[in-house]
Each structure stands twice: as C-alpha cells, then as structure tokens.
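Residues per chain are reported as follows:
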Amino acid sequence: MDSGSEVSEKKTGQHGHIVNASDVDVAAGLDSDKPLDPEVAARLRRKIDWHLMPLMCIMYLMAFADKTTLGQSAILGIIPGAHLTQNQFNWLGTIFYLSYLAFEYPQNLALQKLPVGKWMSINIFIWAVALLSHAACKSFGALFAVRFILGMCEGAITPGFMIVTSMFYTRAEQNKRVGYWFLMNGFAIIFLGFVSFGVLHTKSHNFMAWQWLMVITGILTLVTSVLFWFFFPDSPTTAYFLTPEERALAVRRIKVNQAGTENKHWKREQFIETLRDPKVWVMAAFAAIGNIVNSLTNQRQLIVNQFGFTPIQTTLLGCVDGAVEILTIWLGITLAANRHIGRGYAAAMMYIPALLGAILVNTLPSHNKVGLLLSYWIVVFVFTPFVILLGWVNSIVAGHTKRTTTNAVILSAYAIGNAAGSFMWKKQYQPRNHIPWAIIAACIVVCAILILILRFMLQSENKRRDGENRDDTYDDVYLTQESADGTKTEKRVDKAFLDLTDIQNQDFRYVL
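Below: a short report on this structure. Remember, it's a predicted structure, so these values are computed and weren't measured experimentally.

Quick word on the nonpolar core
- In terms of nonpolar packing, the biggest core is built from 144 residues, with Trp181, Leu296 and Trp437 touching the most fellow members.
- With 14 residues, helix α1 (residues 38-67) is the largest single contributor of residues to this core.

Section: the side chain of Glu104
- Following the sequence through the fold, Glu104 ends up in helix α4 (residues 86-113).
- Within the local environment of Glu104, its side chain forms a polar contact with the side chain of Asn108, the two groups lying 2.7 Å apart.
- Dropping the residues within four chain positions of it, Glu104 is found in contact with Gly155, Pro159, Asn407, Ala408, Leu411 and Ser412.

Concerning the layout of surface pockets
- Put simply, the largest pocket is a space of about 200 Å³.
- Secondary structure elements with two or more residues in the lining of the largest pocket: α13 (278-290) and α20 (434-467).
- Element by element, the count of residues in the lining of the largest pocket is highest for α20, at five residues.

Description of the packing of aromatic side chains
- Per the counting criterion, the structure on display carries 26 aromatic pairs.
- Judged by centre distance (4.5 Å) and plane angle (15°), the rings of Phe228 and Phe232 are stacked.
- We classify Phe232 as buried; its relative accessible area is 2%.
- Through a chain of ring-to-ring contacts, three or more aromatic side chains come together here, namely Tyr60, Phe161, Trp181, Phe182, Phe228 and Phe232.

Brief notes about unusual backbone geometry
- A cis amide bond links Gln430 to the next residue, Pro431, at an omega of 10°.
- With respect to the element layout, Pro431 can be found in the loop between α19 (400-421) and α20.
- In this model, His83 sits at a positive phi of 60°, which is unusual for a non-glycine residue.
- Examined against the element boundaries, His83 turns out to sit in the loop between α3 (78-81) and α4.
- The exposure class assigned to His83 is exposed, which follows from its relative accessible area of 63%.

A few points about the pattern of salt bridges
- In the structure shown here, the tally under the stated rule is 16 salt bridges.
- Among the ionic pairs, Arg253 bridges to Glu173, the shortest N-O distance being 2.8 Å. You can see Arg253 sitting in helix α11 (residues 244-253) and its partner Glu173 sitting in helix α8 (residues 171-182), a full 80 residues away along the chain.
- For Arg300, the salt bridge goes to Asp321, with nearest N and O atoms at 3.3 Å. Within this pair, whereas Arg300 is found in helix α14 (residues 296-306), its partner Asp321 is found in helix α15 (residues 311-337), the two being separated by 21 residues in sequence.

Considerations on the packing of helix α16 (residues 342-363) against helix α17 (residues 369-379)
- One can describe the packing of α16 onto α17 by two numbers: an axis separation of 7 Å at closest approach and a directional angle of 150°. Classified by the angle their axes make, α16 and α17 are roughly antiparallel. Remark: the crossing between α16 and α17 carries left-handed chirality. Mapping the contact onto sequence places Pro353, Ala354, Gly357, Ala358, Leu360 and Val361 in α16 and Leu372, Ser375, Tyr376, Ile378 and Val379 in α17.
- Grouping the amino acids of the contact of α16 with α17 by side-chain chemistry returns nine nonpolar, two polar and no charged.

Examining the environment of Glu461
- Within the secondary structure layout, Glu461 lies in helix α20.
- For Glu461 and Ile503, which are 42 residues apart along the polypeptide, the C-alpha to C-alpha distance reads 9.9 Å.
- Side chain to side chain, Glu461 and Arg464 meet in a polar contact 2.6 Å long.

Rules behind the numbers
- Residues numbered from 1 in each chain as written.
- Predicted model: local features only at pLDDT ≥ 70, side-chain atom pairs only at ≥ 80, totals over all residues.
- Heavy atoms only, no water.
- Core = buried A, V, L, I, M, F, W, Y, C linked by side-chain atoms within 4.5 Å.
- Buried < 20%, exposed > 50% of the residue type's maximum accessible area, 1.4 Å probe, protein only.
- Helix = DSSP H or I, 4+ residues; strand = E, 2+ residues; numbered from the N terminus.
- Polar contact = N/O pair within 3.5 Å; in protein donor to acceptor, adjacent residues only side chain to side chain.
- Contact = heavy atoms within 4.5 Å.
- 1 Å grid on protein atoms, 1.4 Å probe; cavity = no way out; pocket = protein on both sides within 12 Å on 5 of 7 lines; lining within 4 Å.
- Points joined across faces, edges and corners; volume = space filled by probe spheres on them.
- Phe/Tyr/Trp six-rings, centres within 6.5 Å; stacked < 30°, edge-to-face > 60°.
- Salt bridge = Lys/Arg side-chain N within 4 Å of Asp/Glu carboxyl O.
- Axes fitted to C-alpha atoms, helices over the stretch in contact; angles between N-to-C directions.
- Parallel < 35°, antiparallel > 145°, perpendicular 65-115°, else oblique.
- Left-handed = near helix turned anticlockwise from the far one by under 90°.
- Nonpolar A, V, L, I, M, F, W, Y, C, P; charged D, E, K, R; others polar.

Right, here's the structure in full:
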C-alpha cells in the first residue's frame, strides 16, 4: 500500500493487511464478488448514459462556445469596439490559457477533495457571470480581467469530466463517451455561427453585435450551472438517480478498469510516481505541441475572412467548420474503438489529412479562395488526436492522486501550447499567414511521432508484464467494517479498489 497516505496497517495472523477505509477507494465497501449479469450491466449503462451524457454534452457545448466567443467577436466588431490592437486581441486569447495554467493543479486538487459535480457547478456559475461581464467591457484592461477569470474556471471542466467518465464507465466505453461530449465543440461552432449571423442584423446603436453574443451565451451558461448543481452526480456511490442496489452494481461494473472510482486522500507517493513516469511527459509534450495548432480556434474567423469572404459569409461558413469537426471527431473515436487499430494508430492516422490541408493552405494561390477554404476544412482533422488522448489517459493511468496529477500535467501542457500558439498570428504575416501554417505543419509531424512513441512504450510494458512472475500476496488486503450493533467484520478488498497506481497494480494492462 501507499506509504504516503499515512494510514497505519497491521498484519493479522490469518491473512494479509488490514486497512482503514480512508486508504482504499470510496467504492470498496460496495464491491461484491458476485458475477454481474450482462443484461443488467447494459441496462445500468443506458440509465447512466441518459442521466450523464445530456448534461455533459450541453455543458461542454456551452464551455467551448463561451471560450471561443472571442474568436467569433473578431468579425462582430470587438477590435474597434473595445479599442484593441491585433497584439492586444492575441493577448486576450493568451491570458485565458495562462490563467488556466496557473489554476490547473489547484483545480485538480479541489476535484479530488471536494464533490466533483458541485465544484464544477460553482465554477460554471462564476464563468457565466464573467462572460456576461464581457458586454460591459470597453477596454483591453477590462477584457483582460474577465478573460483571466474565464481561464481560472475552465480548469475545472475538462479534468472534472475526465474524472466522472472514468468513475462511471469501463475503459472500453470511455473513449466514445469522451468523444461524445467533445463532439459538442463542433455543435458549439455551428451554434455560434447562427447566433453571430443573427446579432449582425441587430440595430441597437449603443450595444454592438459582439456584446449581444456575450449576453446570449452568458445567460445560457448561467442556466446550465443551475442544472448542474441539482442534477449532476458526484460519484456512482452517491448518484441520486441510482438506487442503493444500482450503486453497488455500478461499482462492480467498472471493476474491470482496475482503477476504482475515487479516493479523497492526496497521496504523496502517487504524486511523485506521476512526476517520474515517462509516459506522462510524452503525453504532456504531445498536448503542448498539439495545442499550438489549437490557436486556430480564436483565429479561424479572421483566417476565413482574409481568404476573401465577407463577414456575413464568414459567420455562415463557420457553421461548416463545426460540421467538419463533428464528423472528424466521430471518425476518430470510431477508429480508436476498433481493436485492430486502437487509440495510438487512430490518432496518428488523423494527422495525415491534417498535414495535407496545412500544406495546401500554404501553397495554393491567393485567388483560389474556395480551394483555400476546402484545404482549411481538411486541417480540422488536427483537433481529433487530442480528443482521443483525453479518452485514453484514464485508461492508462490508475490511482486517484496519480490520475488527478496526470490530468493537471497534461492540461497544463495544453494551456502552454494554446498560450504560445496565439503569438504566431502576427499582423505582418496576414493575409496568407505562411509562417503560422508552416509551424502548424511541423507540429503535426512531431505529434504524430510522439503518439506512436507512446503506443510503443505501452505495448512494450504490457509484454514485459505478461512475461514476469506474479506475486499473489500484494493485493491480499482486508477492510474492517463496523455494523450498527458494534460488530466488526473484515472484508477482502478487490485489488481494483485498493487505489493502486497502474505501476503498483501488477494486473493492470494498458489500452493501446
């Protein structure tokens, strides 16, 4: 067991270790050795889907819509309306991710120690208020402040969703579930495209189109925060929509993950193991370099506009961006779910069309605006590999402290990549932006190599574990439980709920 948890263990004469409840997974007391009927498990999964997926999809749609309102506002008049220069506009994109970076680990600690659903709800509420405040901002300084607050709150959303997905779903199911809520990015782009088209036709003289966009999205996010507070669960062990019997079944259903649900106690040993684990840093490098490309999110409207399209045309063409992103993410997670392809190869395959698109955008003549636009849409494949990684992380990392720390490292790298990427879109490179597109092409090549290195590392470790001699005593652990009448009993804890890391658990095998 983990020495960093500072929980005493004592040997008995009859069997292995006896531990306190604080040292094991919160679901350990609900576990059972009874086999789970496949029909019951499928019915339970459908019930979980109906209660989780709609809320997660709506929230992720609003989260992405909210943080990309800046890019949408670029053609709705925010630059002249708030008296911004191009460099200041870029800084508004960067500060979001610098704030995200600064608060990412504190947010992950909070997600481990506090009820996940409630903590996310609070952050969403603050986020909504900050977004509404955008409409009152008339200067760079004011917009800088509210964008900083948005970045701070965003740090709870993606890691919170990753944790909840790993709590309720098996490793085989997690890839598609992450893909489903990440698909909402595409729907958010379509939603923003139509809203922007509408607000461009507003006639109010004292309230500009970009301000209407902030108010509309802010109100919708405020409503979403209230829904989250009342209806989003914190854990399968406390989910309001599950009966006590179903909670126990939900715990047994995800036992196959060998990763448990959660443990509220921070463990120093797992934290150190995370920092020493090479695969974590390969994933971090992939997230940082891959998300330099994600700066397209804030620049896409300007890019399309500079191809030669009018503001009205650009807002409607933005809806196609969203449709293309939906299709590419769906294709990516479908390929990743194929056991003959898997996560690593599927992610690498997505980079092939993305690289082709980046090269075409950089080499086609300026008068061929339709060709440039189609090439730009092909580049949208570049966003899918990071989605695959998010669905992969909790399938290759175990131990709750290690999982939250890994999420913090990867998403901090994500923030660094996004923050750095904003500065390559300089005014001197417009309208063709040859330098940024060359950087994007280079990032695509490096990321394809990194994701294949990660897959090779995991495959090699699986082969090593398959060939080693197994120690049958490392998971011989018992939990003392006290009944209402004071009677104490000892219950054997399955290794899946010992809060072991993927390195400590000798039966853990990495998904490829």
